[in-house]
Amino acid sequence: MSRYRSYGKLDDPFVTEGDTFFLRMNARLRPNQLKPGEVALSKNGRMNDDGTWQPRKGLSTLFGSITSGTDAIRLPYVIQSASRSSGVVTIVLDDTPSLSFIPGENITVADLGFTTDSPNGTFPLESVNFTTKVITFISSSFVEHNGVFYKCLQDNISSASNEPGTPGGSSFWSSDTNASEAPTWSNSSVSYSGPGVNDTFTVQPASVPAGTSPNTSVCSAGNSIATTLNFTINDDGVNAVYGSAVYSDASSNNDDYIFSATNNLAVIIRLKDSALFKCRYEAGGETVDGPVGMTQGFDKMFIFRSRKTTLSASPALNSIGISSASQSGQTITVNTSTNHGRVTGDFVTLTNLGAWTVNPNDCYQITRISDTQFTVTMASSQTATFNVSGAQAEYFEDFTRVDRGTYTAPQYLTDTTATASSGVVTMDAVNHGLEIGNEITIRNGSSPFDLFVNQNAIVTSTPTADQFTFNLGVEDGTASLTASRQLAIGKGFIHMPAAPWGQFHQRRLWVPYWFTSDASPTDRNNRSEIVASDILDSDTYDRIGNQFTITAGKSDFLVGIQPFTQDTLAIFNRKSIHLMTGVSGSLADVKTNVVTTEIGASARKSIVQVANQILFLSDQGIYAVEFYDQYHLRGTGTPLSESIQPFVDRINQDYAHLSCAVYFDSRYWLAVPLDSAPGRGDSTKLNAIIVYNFINGGFESIDQVNSTEFAIRDLIVAREGAQNALYLTTEEGGVHKVDGFEGGDVVSLTAGQAQSETIPVVSQLTTRQYDADSMDRKTYSRAELHVKSNTGFSTDGNIQFITEDPDSTTQSTSISSLLGSNLPDSEEASVRLRVNKRGFGVQADFQPTNGRPYLRSAKVDARITDRSTTSVS
C-alpha cells in the first residue's frame, strides 16, 4: 500500500508508531515523553518476561472473615456486688465501666452464685451508669404481673417476627410493654397483640422459691469476684484483627501457619489444608487493643503490644490421639488415649473424624472435662458415633505474658556431685531459674572442672526446675562445681521492656526501649533508644551494656531496624538512617554512624532488603539505599518511585505508618493507604498494592480490589505445601493468596460473614502517547492491537483511544464486536479498528472484560494534517 495519500509540495505520508513490548509504568512525565515499552497506566496488570501485559490473577481465599462485627472486649473488671430485682440484674463494678459498655450490646457473666434461675450467661445490656459504676441486664425468665410472678412455659405461635421476646429467655417482655401493645393476662395464659401479631403464651403462677426471689442478692456487697474469666463483653466475638505473621514449623518440610492477633484471641490457619486453630491470651485474661508487631524467634511467637507487656507462646502444634468420639444433639464427647491436659475454656481442633452427616472437624472451646474426656459444642445437631482411625485433637498453647517486674539475678549455683559424660555436664541446683540458651560462667570447681574456671557455657537443657545441662570439653567424672549466670554491666539486668515491635539478629532480640519492663509499664519519654537481649535469651537485657541511643536527643525517632550484614544493623529513624557495626558477639565495641539525615522511613513494615538494596517508604516516596561492599551503605538522592509520583502523592500520610511490604517473585510489593485524589484523606486503611518489578526495572502495576470494604493488614510470604507463595491478611481476619485464582478476586469482606464472594478484577492499560515524533497536528486513521487469550478462557475487552489537542475520547469498541465473538481460548488475533480522530497525540486504552488476555503490541497510523501557520488551541 502507498505511503502517501497524494503527491505534491505538501505530501503527507502515513506514519506508524507503537509498542511491541511493555516493561514499566511512568505516570510522572507527559505521556508523549515516555520511552518505548513504558505505559502511562497499568492497573491490576502484570508485565511478563516476554514483554506482554496481562491482567493479574485474582485473590483466592484460604480463610474468610473471622470478625463478628460486634464489640468483643474482654474486660479485667472486678464485680463488687450483684443483685436481682424483677428479673433485672444490677452489677456494681470496682472500676468505671469501659466506653465499650453500650446498651443493647451483649454481656457475658459467669460464676455468680445462685440457687435456681441462673443469672449467668449472655444477655443484652439494659443500662450503663458511668458515674455510679452500675450496669444492668435482664436475666430472669420470671415475669411480674400485679405482684404475681409468672414462669413462661410455652409459646403457642413461634413464627411471629416481632414477638415480645423469647419465652423463658432473657428478653421476655423486656421491651414491648407500652399501652398500645399491653399484654392481656389470665390465670393460665397471656395474650399479646401488636402490629401484625397475635400471640399467646402459656404461663403458670409461680411462688418464687426462697433464695431465688428477684430481690435476693446473688453476690453480697463487698465481695470481689476476679474477672479474668468471669466478666466479659461478648467473650467469643472478634471485632478486630491487629496483626499477623507466619510461623514456620522447623520439624516439617511443608507446614506453615499464619497467626492473626485479634482483640481477644489468636486465630491460626494452617496453609496446607486451611485447618483452623485458636488460642487465648493468658487463659483469657489479656487483650490486644491496637496494632501489634508479631514475629517468630527463639522457637517462640511474640506479640509486641507497645505500652503493654509482650505476649509469647511456643507455637509448636500439640496432638492427642482420640480413642472414641460421638455426638448427641450439639454435644460432641471425645475420649483420648492419654491425659489430654486441657481445661475448660481451652481451644482444641478435631481432625480426621469420620462417619458423619455434618462435618465435626473444626475448632472448638472445651466445655467440660475429665483427664481423658472432654466435650465441645457444635453449631449443628446430629447423632453419630465417629470413626476415629487417625483422628486427633490438636492445639496450640495459650499466649502468656513474658517475665516482667523486678529482675532477680540467680545466686551462685553449686553442685557437689556435678557429672560430666561425653562432653555434657549435668548440675543439680534447686530452683536454678535457667532456660535453654542462657549463658553461665564456671566460677570454681574440683578436678577436672578446675581447668575451666571463668569459661562461659550455654545451657542446653533444663530437664527439671532443679537440674540443667551444658556442653563442656571436659573429661568424664563427678566433682564439685560452682557456676553463675553472666553478670550485667552497671545497674544490672531487666526483663523485656514493653515494646511495639522487635527484630532478631545475631541470636539477640533488639527492641525499642520506649517503655519500662515493670508489671505496669511506664513511658520512658524517649523514642531514640534501643536495647538488645542476651544471646539466645529474649528475657534478659543489660540496660547499660546493651542499650544504645541513636540520635543523641535530636528531633527524630526510631521507626525500624533491618539486619544488614552479619555484623551490622541498619537503623531507620523518621528523618535519618544510621548504621550500627560490631553487633555480633560482645556489644562492648558497637559503633553508630550516620548514613543520611535527608530521608528516613515512615513505615517500619515497608523496610525490605533485596540483594544489595534496602527499600522503604518515606515521606517523599519509595527509596532504596544501596551497599557497595560489606561495610558501606549509600543513600540515593532520587526516590525509586519518581516515575509514579502522582500515585505517591495520593498516599494518606496520616496512615502511611501502617504500610507493609515484602519481596517475592522478583517484585517488591508495598501495601499503602491510597486516597482517591492527592490530599483527599479518604483512605484510612491499606487498600492498594504498588508492585515494583526488578526484572523490568520499574513499577508494573497499581493493584486494588474493586471494593471499598477491603482492608489489608499484612503481606506474608509462606509455604502452602513445598512452594512459597504470597499471602495477604485483612483487617477482618481473611487469609488470601495473591495471584491464586484465574477468575476474579475471591474475598471475604463483611464482618461476621466468613462466606467469600467473587469480585471482578478491573484491569486497565493505557499506553504512552503516540505523536509520530512531530509537533504538528495529526489525523489518526487506523490502529491495531495484537492480543492472545489465556488458557481456559475466551477473551473480550473494550478498546478506546484518547487524543490531546483537541482533547477527545473515541467511543469504546469491544473485541467481540470487531471479531464477531469472543476470541477463543488460547487463540490470538490482530484486532484492527479505525480511530478517525485528530490531535497532537493519541493513547490506546485497553480494559479487558473477560479472561486474562495477553496484550502483545499496539500501534496507530497517523498522517500530518493542517499545516496552517495559524495558532490553534
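Residues numbered from 1 in each chain as written. Predicted model: local features only at pLDDT ≥ 70, side-chain atom pairs only at ≥ 80, totals over all residues. Heavy atoms only, no water.

A. How the structure looks around the overall build of the protein. Along the backbone of the protein there are two helices and 69 strands. Split into buried and exposed, the 873 residues of the protein put 51% on the buried side. Long-range contacts, defined here as pairs at least 24 residues apart, represent 63% of the contacts in the protein between residues at least 6 apart. Within the structure as shown, the protein displays about 37,600 Å² of accessible surface, and the carbon and sulfur contribution to it stands at 46%. (Helix = DSSP H or I, 4+ residues; strand = E, 2+ residues; numbered from the N terminus. Buried < 20%, exposed > 50% of the residue type's maximum accessible area, 1.4 Å probe, protein only. Contact = heavy atoms within 4.5 Å. Areas by Shrake-Rupley, 256 points an atom, 1.4 Å probe, with all protein chains shown as cover.)

B. Looking closely at the state of the cysteines. Per the stated rule, a full pass over the model turns up zero disulfides. No disulfide involves C279; its nearest neighbouring cysteine sulfur is the one of C363, lying 9.2 Å away. We classify C279 as buried; its relative accessible area is 0%. (Disulfide = S-S within 2.5 Å.)

C. Summary view of the packing of aromatic side chains. Tallying each qualifying case throughout the model produces 20 aromatic pairs. Residues F259 and F399 carry aromatic rings whose centres are separated by 6.3 Å and whose planes lie at 80 degrees to one another, so their mutual orientation is edge-to-face. Of this pair, F259 sits in strand β20 (residues 256–262) while F399 sits in the loop between β31 (392–395) and β32 (400–401), placing them 140 residues apart in sequence. F399 carries the same exposure label as F259, and that label is buried. Linked through ring pairs, Y247, Y257, F259, F277, Y281, F396 and F399 together constitute an aromatic cluster. The positively charged end of R342 is found above the aromatic ring belonging to Y395, 3.7 Å away from the centroid. Looking at R524, its charged tip hangs above the ring of Y513, at a distance of 3.7 Å from the centre. (Phe/Tyr/Trp six-rings, centres within 6.5 Å; stacked < 30°, edge-to-face > 60°. Lys NZ or Arg CZ within 6 Å of the ring centre and 35° of its normal.)

D. Up close: the environment of T132. Along the polypeptide, T132 turns up in the loop between β10 (121–129) and β11 (134–138). Once the C-alpha coordinates of T132 and V92 are considered, the two residues, 40 residues apart in sequence, prove to be 7.9 Å apart.

E. Highlighting the sheet that holds strand β38 (residues 477–485). Here we have six strands rolled up into a closed barrel, ordered β33-β34-β37-β36-β35-β38, and antiparallel in their pairing. Each adjacent strand pair in this sheet contributes to an overall mean axis angle of 45 degrees, direction not counted. Here strand β33 (residues 413–421) pairs with strand β34 (residues 424–428) via three bridges, running antiparallel. Bridging across to β34, T419 finds its partner in T426. (Pairing = 2+ DSSP bridges. Axes fitted to C-alpha atoms, helices over the stretch in contact; angles between N-to-C directions.)

F. Focus on the confidence of the model for the protein. Mean pLDDT over the protein: 81, with 78% of residues reaching 70 or higher. Low pLDDT, under 50, characterises residues 69–76; the predicted model gives this stretch 38 contacts beyond four residues in sequence or across chains. Counting interchain partners and residues more than four positions distant, the pLDDT-below-50 stretch residues 140–189 has 120 contacts. (pLDDT = per-residue confidence, 0-100.)

G. Representation of the sheet that holds strand β19 (residues 241–248) in the model. Taken together, the four strands give an open sheet; going across it, the order is β19-β20-β21-β22, and neighbouring strands pair in antiparallel fashion. The sheet terminates laterally at β19 and β22 (275–280), the two strands that pair on one side only. Between one strand and the next, the sheet's axes are offset by a mean angle of 20 degrees, whatever the strand orientation. The sheet contact formed by strand β21 (residues 265–270) and β22 spans six bridges and is antiparallel.

H. Spatial organisation of the side chain of S538. Here S538 shows up in strand β43 (residues 537–542). The exposure class assigned to S538 is buried, which follows from its relative accessible area of 8%. Ignoring any residue separated from it by four or fewer positions in sequence, one finds S538 in contact with F298, K300, F302, M496, L509 and S533.

I. A look at the nonpolar core. With 47 residues, the main nonpolar core has Y668, V672, I799, F801, F846 and L855 as its most contacted residues. Discounting residues that sit within four places of it in the chain, I799 has contacts with L785, Q811, S812, T813, I815, V831, L833, D845 and F846. Counting residues in hydrophobic clusters, the runner-up holds 22 residues, among them Y247, F259, F396 and F399. (Core = buried A, V, L, I, M, F, W, Y, C linked by side-chain atoms within 4.5 Å.)

J. The arrangement of the pairing of strand β56 (residues 698–703) in detail. Buried residues dominate β56, accounting for six of its six residues. Note: strand β55 (residues 688–693) against β56, five bridges, orientation antiparallel. Its bridge partner being in β56, I690 is matched across the sheet by I702. Counting the residues between successive antiparallel strands, the hairpin from β55 to β56 contains four residues, one of them, G697, with a positive phi of roughly 70 degrees.

K. Examining the environment of N696 more closely. Relative to the helices and strands, N696 resides in the loop between β55 and β56. The exposure class of N696 is buried, given its relative accessible area of 8%. The spacing of N696 and G37 is 659 residues in sequence and 10.0 Å in space, taken between C-alpha atoms. A polar side-chain atom of N696 sits 3.1 Å from the main-chain carbonyl oxygen of L23. (Polar contact = N/O pair within 3.5 Å; in protein donor to acceptor, adjacent residues only side chain to side chain.)

L. Summary view of the pattern of salt bridges. Here the structure, examined in full by the defined rule, presents 33 salt bridges. Note that D861 and R782 form a salt bridge whose closest N and O atoms lie 3.1 Å from each other. Here D861, found in strand β69 (residues 854–864), pairs with R782, found in strand β63 (residues 778–788); they are 79 residues apart in sequence, far enough to count as distant. Relative accessible area serves as the criterion here: at 8%, D861 is assigned to the buried category. Note on R782: relative accessible area 26%, which makes it partly exposed. Notably, a salt bridge pairs R856 with E828, separated by 2.9 Å at the nearest N-O pair. Placement of the pair is R856 in strand β69 and E828 in strand β67 (residues 828–839), with a sequence separation of 28 residues. Take R856: its relative accessible area is 27%, and that puts it in the partly exposed class. (Salt bridge = Lys/Arg side-chain N within 4 Å of Asp/Glu carboxyl O.)

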